[in-house]
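As a plain string of letters, each chain reads:
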Amino acid sequence: MNLDADVLVIGSGMAGLVAGTVSASAGLKTIVVTRGQGATADSSGALDILGYLPEAGSAVGSPLEGLYAISALHPLHPYSLLGFEAEEGSVNGDRVVEQVRAATEWFLEQMRASSIPYIGTLDELLWPLTMLGTTKPTALLQKTMDPRSLDEESDSTVLFAGVRGFPDFHSSLAAKAFLEARQSEGTGPRRVSNCTIDLVPFGVSHNLSAIEIARHLDRPEGVDALVQQLRSSIEMSGATHVVIPPILGLREPVARKDFLEEQLGATIIELLGFPPSVPGVRLQLALEDILRMSGGTLLRGHEVASARISDGRVLRVTANAPARSIEIEASAFVLTTGKFIGGGISGITDGLHETVFGLPVFDSHRESTEGLRPQRLTDLVSITSSGHRLFGCGVGCDETLRPITSDGDRYASNLFCAGAVMAGHNWPQEKSGLGVALSTGYVAGQAAIGKVRS
Ligand SMILES: Cc1cc2nc3c(=O)[nH]c(=O)nc-3n(C[C@H](O)[C@H](O)[C@H](O)COP(=O)(O)OP(=O)(O)OC[C@H]3O[C@@H](n4cnc5c(N)ncnc54)[C@H](O)[C@@H]3O)c2cc1C
């Protein structure tokens, strides 16, 4: 079987779905081919743009400030590529900010019409609470996680509510960590307490996952049970705010939050969680919806295994599913296969490999990683402020987001690249993962449109 498209996007995480939606919205025949979900669905759903500069221990003042600093200090960072001016031979920080702002505003607009509206801007960091009771810097947040009322109201009483049988969240430990952090800063709340509620989704009361609880809360009877369970704890503690794991349904979390607040008279805030992550799945589903609504096609369960290249152009790729193999031709291709979790980069004993085109893999400084065992790119200490070099590794791209060969030449004139598969951003250390995927996906989608129309 053969398919053809104007633009073929490989991978359906944040980068691929954004690139595909941009292309389909411009009226081009767009296919996003994917073997399944990647890191986007596993993420906390908080869209980090830039929290820390590479190798720096303290957070930036704002994402905007961070973008200007990256542009000045790290010309090979994916953000910097978006503002690289070939004639000047330098990165224009204003251009970087302009491109990231355009992508961010586009994303906020798309999400406003979805069931998971986001809040936030480039002008300030948000500090949502995690399930450990700590905070982390981010830029854009699902509305159900907005922590700002906790800072605005110092006279608050905060109730941490866990769910019996859900082992990922210990409400008493989180409450303790939160209180200690607030006391050391000399800020509110007035009082913190914790409780454990019984929800028993689908008759199960042990080893629950956040996804199971969220599915239960997608049903009206699940939410009614949650209201009843929380009511007595709120009355006993006098809570003005209730913080809960991210479980308020996969599809309509804002409606659930509004209903709970109306019934209980307290502000409800979801925490950032761990995989399997309900907000990550919500984001994945919302992005898939906007691709379909824009006219794009999502072809799931197909792994792109090889490509046919001729005269410096990608002609077609072969995608394999368990029971068939298909050839897909296109005028422009966008590679968004992610890193180790997505599957775009694999690490085996003889080194790191890009899995579709066999592109060379570089580190953040554009040094070749050829022949290096992945262990050589990690630190003995698992958590370090400079991060592990391994996470900065990926495909090297020029300023048009076209992948380069080990000689620094363009690999193909109609192949673009976006997201975690790109070298040059150490996302766990910088807190830049979904922001890089969004911004480069947005620009790569436009570049693919330009290529098809040229
Ligand atoms: C546990 C965890 C928590 C995170 N938390 C955050 C966070 O809080 N904030 C944040 O900003 N970032 C976070 N990140 C990072 C962020 O999720 C990633 O940087 C981002 O999602 C990358 O998006 P992507 O589209 O580039 O790749 P992915 O989302 O990984 O998508 C890659 C896609 O390519 C597909 N694919 C791969 N190979 C092939 C092939 N050969 N053929 C067809 N399809 C293929 C995969 O199936 C997948 O669909 C987190 C990551 C993890 C793992």
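Owing to the predicted nature of the structure, the values given are computational and were not obtained by experimental measurement.

Draft legend 1. Quick look at the packing of helix α5 (residues 93-112) against helix α11 (residues 278-293). It is the contact of α5 with α11, at a shortest axis distance of 10 Å, that shows an interaxial angle of 90°. Comparing the axis directions of α5 and α11 gives the class roughly perpendicular. Of the residues in α11, those touching α5 at Trp106, Phe107, Gln110 and Met111 are Leu283, Ala286, Leu287 and Ile290. Counted by class, the contact of α5 with α11 contains seven nonpolar, one polar and no charged residues.

Draft legend 2. Representation of the packing of aromatic side chains. Across all of its chains, the model carries six aromatic pairs by this definition. Between phenylalanine 340 and phenylalanine 391, the aromatic rings sit 6.4 Å apart at their centres with planes inclined by 75°, giving edge-to-face as the arrangement. One end of the pair, phenylalanine 340, is in the loop between β14 (324-335) and β15 (345-348); the other, phenylalanine 391, is in the loop between β17 (361-362) and β18 (394-395), and 51 residues separate them in sequence. Residue classification places phenylalanine 340 among the partly exposed positions, given a relative accessible area of 29%. Relative to tryptophan 427, the ring of phenylalanine 391 has its centre 6.3 Å away and its plane inclined at 70°; by these criteria the two rings are edge-to-face. Here the residue phenylalanine 391 occupies a position in the loop between β17 and β18, and tryptophan 427 occupies one in helix α12 (residues 427-430), the gap between them amounting to 36 residues. Exposure remark for tryptophan 427: the relative accessible area of 36% places this residue in the partly exposed category. Each residue in the set Phe340, Phe391 and Trp427 is aromatic and connected to the rest through ring pairs, giving one cluster.

Draft legend 3. Region of interest: the pairing of β14. In this structure, strand β1 (residues 2-10) lies alongside β14, joined through eight bridges in parallel fashion. From the neighbouring strand, alanine 5 faces β14, where its bridge partner is alanine 330. Note that strand β13 (residues 313-321) and β14 share six bridges and pair antiparallel. In the sheet register, threonine 318 faces β14, and the bridge partner there is glutamate 327. Where β13 folds back onto β14 in an antiparallel hairpin, the turn is made up of two residues. Relative to strand β19 (residues 415-417), β14 runs parallel, the two sharing three bridges. Within the sheet, the bridge partner assigned to phenylalanine 333 lies in β19 and is leucine 415.

Draft legend 4. Molecular detail of the state of the cysteines. All told, the structure shown has zero disulfides when counted by the stated rule. The thiol of cysteine 397 is not disulfide-bonded; the next cysteine sulfur, from cysteine 417, is found 3.9 Å away. Residue cysteine 397 is classed as buried on the basis of its relative accessible area of 2%.

Draft legend 5. Inspection of the domain arrangement of the chain at higher detail. As assigned here, the chain comprises domain 1 (2-113 + 282-453) and domain 2 (129-271). Averaged C-alpha coordinates put domain 1 and domain 2 at centres separated by 34 Å. Each partner contributes to the interface: domain 1 provides 17 residues, whereas domain 2 provides 16 residues. Of all residues in domain 1, the largest losses of buried area upon contact with domain 2 belong to Leu47, Arg282 and Leu285, amounting jointly to 46% of the total for that side. Of all elements in the fold, only α5 and α11 reach the threshold of two or more residues within the side of domain 1 that touches domain 2. Residues belonging to the side of domain 1 that touches domain 2 are distributed by class as follows: nine nonpolar, four polar and four charged.

Draft legend 6. Summary view of the environment of histidine 170. By secondary structure assignment, the location of histidine 170 is in the loop between β7 (157-163) and α7 (171-185). For the pair formed by histidine 170 and valine 91, sequence separation is 79 residues and the distance between their alpha carbons is 46 Å.

Draft legend 7. Geometry of the site of the ligand. Every one of the 35 residues lining the ligand counts as a neighbour, but Gly36, Thr40, Ser44, Ala46 and Ala420 are closest to it. Within the backbone of serine 12, an N or O atom sits 3.1 Å from an oxygen atom of the ligand. Backbone polar atom of leucine 434 to an oxygen atom of the ligand: 2.8 Å apart, as the coordinates give it. For the ligand, whose accessible area on its own is 1,000 Å², the fraction buried by protein is 94%. Among the elements of the structure, α1 (14-25), α2 (39-42), β12 (303-310) and α13 (433-453) are those that each provide at least two residues to the shell around the ligand. For the shell around the ligand, a count of residues per class yields 14 nonpolar, 16 polar and five charged.

Draft legend 8. Structural context of the sheet that holds β7. Judged by pairing direction, the sheet is parallel, and its four strands sit side by side in the order β8-β7-β9-β10 without closing on themselves. Edge positions in the sheet fall to β8 (191-197) and β10 (267-270), since each has one partner strand and no second. Strand after strand, the sheet turns through a mean of 25° between neighbouring axes, direction not considered.

Calculation rules
Residues numbered from 1 in each chain as written. Predicted model: local features only at pLDDT ≥ 70, side-chain atom pairs only at ≥ 80, totals over all residues. Heavy atoms only, no water. Axes fitted to C-alpha atoms, helices over the stretch in contact; angles between N-to-C directions. Helix = DSSP H or I, 4+ residues; strand = E, 2+ residues; numbered from the N terminus. Parallel < 35°, antiparallel > 145°, perpendicular 65-115°, else oblique. Contact = heavy atoms within 4.5 Å. Nonpolar A, V, L, I, M, F, W, Y, C, P; charged D, E, K, R; others polar. Phe/Tyr/Trp six-rings, centres within 6.5 Å; stacked < 30°, edge-to-face > 60°. Buried < 20%, exposed > 50% of the residue type's maximum accessible area, 1.4 Å probe, protein only. Pairing = 2+ DSSP bridges. Disulfide = S-S within 2.5 Å. Domains from an automatic or database assignment. Buried area = accessible area lost by both parts, 1.4 Å probe. Near = heavy atom within 4 Å. Polar contact = N/O pair within 3.5 Å; in protein donor to acceptor, adjacent residues only side chain to side chain. Areas by Shrake-Rupley, 256 points an atom, 1.4 Å probe, with all protein chains shown as cover.

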